[in-house]
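The lines below spell out each chain.
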Amino acid sequence: MDVAELVDELISICGADGVVSDAVARRTYESDGLLQYKVQPGAVVLPTTTEQVSRVVSLCHRNEIPWVARGSGTGLSGGALPVADGVLIVMSRMRKILEVDLANQRVVLEPGVTNREISMAVSPSHFYPPDPSSQIVCSIGGNIAENSGGLHCFKYGFTTNYVHGLEVVLPDGQVVELGGKEMDAPGYDLIGAFVGSEGTLGIATRITLRIVPVPETVRTLIAYFKSVGPAGQTVSDIVADGALPGAIEMMDNAAIKACEDSTHIGMPIDAGAALIVELDGPEAECEARFEGVVKNCENNGATEVHVAANEAERELIWKARKAAFAAMGRIAPNYYVQDGVIPRTRLGEVLERIASLGREYDLVVANVFHAGDGNLHPLVCYDGSVPGEAERAEECAGLIVQACLDAGGSITGEHGVGIDKKRFMSGMFTDDDLAVFQRLRCAFDPEQRANPGKVMPTPRLCGEVPGPYRRHPLEVAGIAERV
Amino acid sequence: MAKTEIRTETPATPSEAAEAMQALAADGTPLRVRGGGTKFAWGSECEPGAIISTASLTEVKEHNAADMTAILGSGTPLAQAQETFAKSGQMLALDPPLVGEAATIGGIIATNDSGPLRHRYRAARDLVLGMTVVLSDGTLARSGSRVIKNVAGYDIAKLFAGSLGTLGLIVEVIVRLHPLPRRTVTVLGESADPASLQSALFDLGHAPLEIEAFDVAWAGGGRVLARFGGVAPEGQAANARILLNKAGLDVTETDDDAANWTDQRDAQRAPQGEVSVKLSALPADFEKVVAATQRLGGRLVGRAGLGLYWLRTPSTVALGEIRSQLSTVARHIVLLDAPDDVRAEGQVWGEPDPGTLRLMQAVKSRFDPAGICAPGLFVGGI
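Just so you know, these numbers come straight off a predicted model, no measurement behind them. (Residues numbered from 1 in each chain as written. Chains lettered and ligands numbered in written order. Predicted model: local features only at pLDDT ≥ 70, side-chain atom pairs only at ≥ 80, totals over all residues.)

Asker: Whenever I open this one, the overall build of chain A confuses me. Can you help?
Answerer: On a plain count of helices and strands, chain A comes out with 17 helices and 18 strands. Here chain A has a C-alpha radius of gyration of 23 Å; the compact-globule value for 483 residues is 23 Å, and the two agree. When each of the 483 residues of chain A is scored for burial, the buried share is 57%. Counting only contacts in chain A whose residues sit at least 6 apart along the sequence, the fraction spanning at least 24 positions is 71%. (Helix = DSSP H or I, 4+ residues; strand = E, 2+ residues; numbered from the N terminus. Rg over C-alpha atoms; globule rule 2.2 N^0.38 Å. Buried ≥ 20, exposed ≤ 12 C-beta atoms within 10 Å, placed from the backbone. Contact = placed C-beta atoms within 7 Å.)

Asker: Can you help me understand the nonpolar core in this one?
Answerer: All names here are of chain A. Within the largest apolar cluster, 274 residues are counted, with the highest numbers of intra-cluster contacts made by V45, I89, A274 and V380. The greatest single-element share of this core, amounting to eight residues, is contributed by helix 16 (residues 431-444). Sequence-distant contacts of V45, that is, excluding residues within four places in its chain, are made with L10, C14, G18, V19, V56, V87, I89 and V90. (Core = buried A, V, L, I, M, F, W, Y, C linked by C-beta atoms within 7 Å.)

Asker: Would you mind showing me how to read helix 11 (residues 319-326) of chain B here?
Answerer: The α-helix winds at 3.6 residues per turn, so residues separated by three or four positions along the chain end up facing the same way. All names here are of chain B. All of the buried residues in helix 11 are L319, I322, Q325 and L326. Axial view of helix 11: buried residues confined to an arc of 130°, hence all on one face. What points out from helix 11, more than 90 degrees from its buried face, is the exposed set G320 and S324. Those residues of helix 11 that are buried lie in contact with strand 15 (274-281), helix 10 (286-295), strand 17 (308-314), strand 18 (330-335) and helix 12 (340-343). (Arc of directions from axis to C-beta.)

Asker: Teacher, can you tell me more about the interface of chain A and chain B here?
Answerer: How big an interface is tends to be reported as the loss of accessible area on association of its parts. Each partner contributes to the interface: chain A provides 76 residues, whereas chain B provides 69 residues. Looking at the side of chain A that touches chain B, the elements that each hand over two or more residues are strand 9 (175-179), helix 7 (190-194), helix 8 (228-240), helix 10 (283-299), helix 15 (425-428) and helix 16 of chain A. If you tally residues by element for the side of chain A that touches chain B, the top one is helix 16 of chain A, at nine residues. Its residues placed into classes, the side of chain A that touches chain B shows 35 nonpolar, 25 polar and 16 charged. (Nonpolar A, V, L, I, M, F, W, Y, C, P; charged D, E, K, R; others polar.)

Asker: Help me out: how do you make sense of the domain arrangement of chain A in this one?
Answerer: All names here are of chain A. Domain assignment breaks chain A into domain 1 (3-90), domain 2 (97-213), domain 3 (217-321) and domain 4 (331-422). Relative to domain 2, the C-alpha centre of domain 1 lies at a distance of 22 Å. On the side of domain 2, 22 residues touch domain 1, which itself brings 14 residues to the contact. Within the residue set of the side of domain 1 that touches domain 2, elements represented by two or more residues are helix 3 (50-62) and strand 3 (67-70). Ranked by the residues each element gives to the side of domain 1 that touches domain 2, the list is headed by helix 3, at six residues. Among the residues forming the side of domain 1 that touches domain 2, the class breakdown is five nonpolar, nine polar and no charged. (Domains from an automatic or database assignment.)

Asker: Would you mind going over the sheet that holds strand 15 (residues 304-307) of chain A with me for this structure?
Answerer: Hydrogen bonds between backbone atoms are what pair the strands of a sheet, whose relative direction is either parallel or antiparallel. Residue and element names in this part refer to chain A. With antiparallel pairing, the seven strands of this open sheet are ordered in space as 15-12-14-13-17-18-16. In the strand order of this sheet, the two ends are held by strand 15 and strand 16 (334-337), each with one partner. Adjacent strand axes in the sheet meet at a mean angle of 15°, parallel and antiparallel pairs treated alike. Sheet analysis places strand 12 (residues 217-225) next to strand 15, joined by four bridges and oriented antiparallel. Note that in strand 15 the partner of I222 across the bridge is H306. Packing of helix 13 (residues 347-361) onto the sheet brings it into contact with strand 17 (365-370) and strand 18 (375-382), and relative to strand 17 it is tilted by some 155°. Helix-sheet contacts for helix 14 (residues 389-406) involve strand 16 and strand 18, and the interaxial angle to strand 18 is about 160°. (Pairing = 2+ DSSP bridges. Axes fitted to C-alpha atoms, helices over the stretch in contact; angles between N-to-C directions.)

Asker: Quick question: what am I supposed to make of the confidence of the model for chain B here?
Answerer: Low-pLDDT stretches of the model should not have their predicted coordinates read in fine detail. In the predicted model, chain B carries a mean pLDDT of 96, and the fraction of residues at 70 or more is 99%. Scored as a whole, the predicted complex attains pTM 0.95, and scored at its interfaces, ipTM 0.97. (pLDDT = per-residue confidence, 0-100.)

Asker: Please explain the environment of A:E249 as it appears in this structure.
Answerer: Residue and element names in this part refer to chain A. Residue position: E249 is located in strand 13 (residues 247-252). Judged by the 25 C-beta atoms lying within 10 Å of it, E249 falls in the buried class. For E249 and V235, which are 14 residues apart along the polypeptide, the C-alpha to C-alpha distance reads 9.4 Å. Not counting residues up to four positions away in its chain, the partners in contact with E249 are L151, I276, R321, H370 and A371.

Asker: Hey, could you run me through the packing of helix 13 of chain A against helix 14 of chain A in this one?
Answerer: How two helices sit against one another is set out by the angle between their axes and by the gap between those axes. Residue and element names in this part refer to chain A. Running from N to C, helix 13 and helix 14 cross one another at 160°; their axes reach a closest spacing of 10 Å. With respect to their mutual orientation, helix 13 and helix 14 come out roughly antiparallel. The interaxial crossing formed by helix 13 with helix 14 has right-handed handedness. Between helix 13, through V350, R353, I354, L357 and Y361, and helix 14, the contact on the second element is made entirely by R392, C396, L399, I400, A403 and C404. When grouped by side-chain class, the residues that make up the contact of helix 13 with helix 14 number nine nonpolar, no polar and two charged. (Parallel < 35°, antiparallel > 145°, perpendicular 65-115°, else oblique. Left-handed = near helix turned anticlockwise from the far one by under 90°.)

Asker: What am I meant to see in unusual backbone geometry here?
Answerer: Most peptide bonds are trans, and most residues other than glycine sit at a negative phi. The linkage connecting A:S123 with the following residue, A:P124, adopts the cis geometry, with an omega of 5°. Summarising the element assignment, A:P124 is placed in the loop between helix 4 (115-122) and strand 7 (126-127). With a phi angle near 55°, B:L164 is a residue other than glycine that sits in the positive phi range. Mapped onto the elements of the fold, B:L164 is located in the loop between helix 6 (156-160) and strand 9 (169-176).

Asker: What is the right way to look at the domain arrangement of chain B in this model?
Answerer: Residue and element names in this part refer to chain B. By domain assignment, chain B separates into domain 1 (1-180), domain 2 (183-256) and domain 3 (267-343). Taking the mean C-alpha position of each, domain 2 and domain 3 sit 23 Å from one another. Residue-level contacts link 14 residues of domain 2 with 13 residues of domain 3. Elements with a minimum of two residues in the side of domain 2 that touches domain 3: helix 7 (194-206), strand 12 (213-219) and strand 13 (221-230). In terms of residue class, the side of domain 2 that touches domain 3 is made up of ten nonpolar, three polar and one charged.

Asker: How should the sheet that holds strand 1 (residues 7-9) of chain B be read in this particular structure?
Answerer: All names here are of chain B. Read from one edge to the other, the open sheet built from three strands follows the order 1-3-2, with strand pairing classed as parallel. Bordering the open sheet on either side are strand 1 and strand 2 (31-34), each of which pairs with just one other strand. Across the sheet, the axes of successive neighbouring strands diverge by a mean angle of 25°, strand direction being ignored. Note that strand 1 and strand 3 (residues 50-53) share three bridges and pair parallel. Across the sheet, the residue bridging to T8 is I51, located in strand 3.

Asker: Help me out: how do you make sense of the packing of helix 1 (residues 7-14) of chain A against helix 3 of chain A in this one?
Answerer: Residue and element names in this part refer to chain A. Where helix 1 meets helix 3, the closest approach of the two axes is 9 Å, and the angle between their N-to-C directions is 165°. Put simply, helix 1 runs roughly antiparallel to helix 3. Pair helix 1 / helix 3 crosses with right-handed handedness. Contacts from E9, L10, I13 and C14 of helix 1 reach helix 3 at Q52, R55, V56 and L59. Of the residues contributing to the contact of helix 1 with helix 3, the split by class is five nonpolar, one polar and two charged.

What follows is the structure in structure tokens.
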């Protein structure tokens, strides 16, 4: 059935102001945070209750219509890219904070609540640690789908470490309650399977999270080095000492220059690397540790170590780091950001490889990364108006991902696979690995109508009697190949 | 009663394990996975025709000290792995009861067992970065990665953590390690008044402290334990003492605290003649949990900040009675150790929500279509 034929029924479920069917208005939703991909959804709905979500999904199920859930649309892998013959279910009108239970350190939320609002609702005594850079707008529902990280995840963990309960609308429209405020519900950890599943297993409509007390104190420094190598060694030394910093961020020379040009905070533009280290926690422990961090920077030849004397200075340091993506506009009109992860110890050689790729492709590659957990964000800068440059940038970015895989890493640390990185999945996983992923998908969504075409590199069916993909003898012999 | 002979397979490599599983699936032989055997009795009754032992999958394949990760065969005893890590001043932050040091990493993950360190470092599922599994049709597959941050692909390891071997066999895991605290100090507060203990737990749990382990025990009287680690744990310990004093507890402090914590974790297991159940409750309901414990004549240890408790009662107390006394305070009640006749009462897991159970059954039938992985052992007869 065509989506257009469902519009009346969608209106009867969500109301006239909860359905967008006009072609011009639908264009608003053609991309998420990754603008390279555009697809106009067949119809858009903005439900306000779990019941509406369930009825919309049931309607799609009965009429064999695919659908995609979308939060605030800040994702960087095209995970919320609509499908043309499907319904886009936008969760941003379900944004009530349902309960703040400080006594038990839990919050219960609708999925459209923004990440930042959670910490604000439980402040000043508590906070919610996973803090993606888009936290002012990104929604907790989207964070659940992507298992979002952020600056603080090296110490505090990821979204998946904080989710205790989910109400989920399954792809057949059924509503299930997984977990709750209490821990360790008997049975399979379906919450663990759901968080990070990129909208392919269902839609979370109510979310219970754990929150934690705000640390007693925070100490922050920025140190500059001649090159990235010693900065990387400093990170290893800090961690080897037994410190678990709240955040460790690094920028290379290209990123420093761009950030300084846009923020003028006084970063030396000839520095090869800048390292931001923040320790948080109990006063005595932070003080004792912080001295060690400063020593580690000095021992590795830091040219300058600037310790934030007060909150204003600390904010200035973070302003420079958070300006990095936007500052790339000073280098080139467009950039392509990657999200590969490598073991921390391979940092030097991988950065070397990235630099040589930049030279080979004649493109500026600026590096900003979460150094503690080895999550790189190389920004491949290009000018989309120059014919062929976008393609060159994409190819270069692809080789950077390959370099991360070669170093024993991952294709994505926090942005997700979505549509953008699924072509790299076969480089990280074997056919049998992917077939096991597919079994989980099929258990939740045998007709595969939830966010179709994402995550998995090639379409796969859910058989009635599931079995892993086995290469056909003709394939093994090289006579035929799978398309 | 005569039982048919149970044969044991002891594969030495993941591919041998895959062959063994496939052969068992071919003739429909139900199997159980066995690690160190310290929790083999957990779950509902299940009579396997074969056992797959991980006793030969015991290699610490890699310990990347600088990256603080390790790759372990699932049959590796945790105690053995910890010795390796400790040489570099590191630990895998899991400290469940080890029962003669036999408990293996695979068994601990498959049962979601944990100890006091769970307060700060979370559960086994949170420390596993990657996992290689063998399914009953012989599929050998890996998920996750060897880096500490990764969102590529589905998190199959979380599904297998706590699945009690009902989805397949865990053959290898990649884990994240943490630094061993340089020094530790434990603050202990005692009181016979549950209300005072509750108030102390609240104050400590909401203070801006980094508590390594935060436990409670009740056996007629009660005790709060908070362990601090790092380079300067005394400052935090002093703050904790103030809070416990204010709540009216008798407070002591020790840096020779290993035995205190061994007692806490060992009390999670029941000796012969006793029953142990694991309870999930809200942290603020501690007093109610104590009241129910007293009515049952039991004793309790638990993770105060998490609302997880292990209750022990004499095996003369019926499981139905335990469930009914706790029904209003504990959302989940799971039987762990018990004599066979108590287990045979068939109330090991409690009643799962029907919708959630259907989803779990769908997962089970996709991963183990032959239905040979510990049939009947798990929640809802899975």
